[in-house]
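# Structure assessment
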Amino acid sequence: SAAETLIEVKDLASGYGKIGVLHGVSLAIGKGEVVALLGPNGAGKTTLLRTISGLLPASDGTIRLDGRDVRGSDARAMVRAGVAHVIEGHRVFTQLSVTDNLLLAGYYLPRAERAARIEEALEYFPEIAAKRHEKGAALSGGQQQMLAVAQGLVQRPRLLMLDEPSAGLSPILVDRVLNVLGRLASAGTAVLLVEQLIEKALATANRVYALTQGRIVFEASTSEPDIVAQLEHAYLGGK
Ligand code: ATP
């Protein structure tokens, strides 16, 4: 049964100044679906996340959230619309406590609402909940990455986008971070995951898109038996 579509991107183009990076990108993510976005370095994965989250303007195409056209909304408006973006290499504030880092992520919320959402986010990460009064500097690299994801969760996103959450983490920590995505999806959140670790991304996601040179060249369910071979073929074919 196909999930109800949360976000639909159609014929999206964007880039930096006169440099076009994305060329007619179309994809859709259902409510409660985890979608992996894979592709070689420089393919435009980060650019796509930045365009969806309103950090970069699109030069063409549409972005619909629940059928509503949100293209042209700035980053703040996208957060309010329910789109959270955990950027690659995001660094938490090491001189601030875990709680203060989470308070900052929910700066735009009324105080009581913010407190409730911080508790909700911490439920996903017991080990950082236990360190809530400690400074960010007291967390391990993996725990800092968990805090970065928790900051996204404070926004109670309908779409959570993560850019290489595994960067710099040991395999066990990667699993712990990726594990949370399945739980979020079960609760109805849509997830878009950019990841260099193909096998782990495929094990986490329901569906996968491959992007090469700013174009979607492949889309499939991750349950297809020869999915890795298909992906490799798509990468090579797109070069
Ligand atoms: P990676 O896995 O290396 O992060 P990616 O798929 O996320 O790659 P992008 O970071 O989106 O790719 O980069 C796509 C293209 O846009 C690349 O050619 C890159 O050099 C270019 N690019 C990225 N950021 C900028 C920028 N700020 N100004 C100009 N060009 C940029």
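A quick note: this is a predicted structure, and the numbers were derived from the prediction, not measured.

Cut-offs applied
Residues numbered from 1 in each chain as written. Predicted model: local features only at pLDDT ≥ 70, side-chain atom pairs only at ≥ 80, totals over all residues. Heavy atoms only, no water. Helix = DSSP H or I, 4+ residues; strand = E, 2+ residues; numbered from the N terminus. Buried < 20%, exposed > 50% of the residue type's maximum accessible area, 1.4 Å probe, protein only. Polar contact = N/O pair within 3.5 Å; in protein donor to acceptor, adjacent residues only side chain to side chain. Contact = heavy atoms within 4.5 Å. Near = heavy atom within 4 Å. Nonpolar A, V, L, I, M, F, W, Y, C, P; charged D, E, K, R; others polar. Salt bridge = Lys/Arg side-chain N within 4 Å of Asp/Glu carboxyl O. Pairing = 2+ DSSP bridges. Axes fitted to C-alpha atoms, helices over the stretch in contact; angles between N-to-C directions. Parallel < 35°, antiparallel > 145°, perpendicular 65-115°, else oblique. Left-handed = near helix turned anticlockwise from the far one by under 90°.

## Quick look at the side chain of Ser14
- Of note, Ser14 is situated in strand S1 (residues 5–16).
- Taking relative accessible area as the criterion, Ser14 reaches 3% and is therefore assigned buried.
- Of the polar contacts made by the side chain of Ser14, one reaches the side chain of Thr51; its length is 2.7 Å.
- In this structure Ser14 touches Gly20, Val21, Leu22, Thr47, Thr51, Leu56, Pro57, Ala58 and Ser59, once residues within four positions along its chain are discounted.

## Re the site of the ligand
- Neighbouring the ligand are 13 residues; Gly42, Gly44, Lys45, Thr46 and Thr47 lie closest to it.
- In the environment of the ligand, an oxygen atom lies 2.9 Å from a nitrogen or oxygen atom belonging to the backbone of Gly44.
- Within the side chain of Gln196, one N or O atom sits 3.0 Å away from an oxygen atom of the ligand.
- A total of three residues in the shell around the ligand trace back to one element, the largest contributor, which is helix H1 (residues 45–52).
- Across the shell around the ligand, the residue classes tally to four nonpolar, six polar and three charged.

## Describing the pattern of salt bridges
- Applying the stated rule across the entire model yields 12 salt bridges.
- Salt-bridge contacts for Glu33 lead to Arg207; the nearest nitrogen and oxygen are separated by 2.7 Å. Here the residue Glu33 occupies a position in the loop between strand S2 (19–30) and strand S3 (34–38), and Arg207 occupies one in strand S9 (residues 207–212), the gap between them amounting to 174 residues. Across this residue pair, the class does not change: Glu33 and Arg207 are buried.
- The salt bridge partner of Arg176 is Glu127, with a shortest N-O separation of 2.5 Å. Note that Arg176 is positioned in helix H7 (residues 171–186) and Glu127 in helix H5 (residues 126–129), a separation of 49 residues in sequence.

## Some thoughts on the sheet that holds S9
- Spatial ordering of the open sheet is given by S6-S7-S8-S3-S9-S10, a layout of six strands whose pairing is mixed. The outermost strands of the open sheet, each flanked by one partner alone, are strand S6 (83–86) and strand S10 (215–221). On average, each strand axis in the sheet is inclined to that of its neighbour by 15°, with strand direction left out of account.
- Across the face of the sheet, H1 comes into contact with S3, S6, strand S7 (159–163), strand S8 (190–194) and S9 while running at roughly 150° to S7.
- Contacts from helix H6 (residues 141–154) reach S6 and S7 within the one sheet, and its direction differs from that of S6 by about 165°.

## Focus: the packing of helix H4 (residues 111–123) against H6
- The N-to-C vectors of H4 and H6 enclose an angle of 135°; their axes lie 8 Å apart at closest approach. Between H4 and H6, the angle falls in the class oblique. The handedness of the crossing between H4 and H6 comes out as right-handed. Packed against H4, whose contacting residues are Arg117, Ile118 and Ala121, the element H6 presents Ala150, Leu153 and Val154 at the interface.
- For the contact of H4 with H6, the class distribution of residues is five nonpolar, no polar and one charged.

Note that all results are geometric; they support no functional claim without further evidence.
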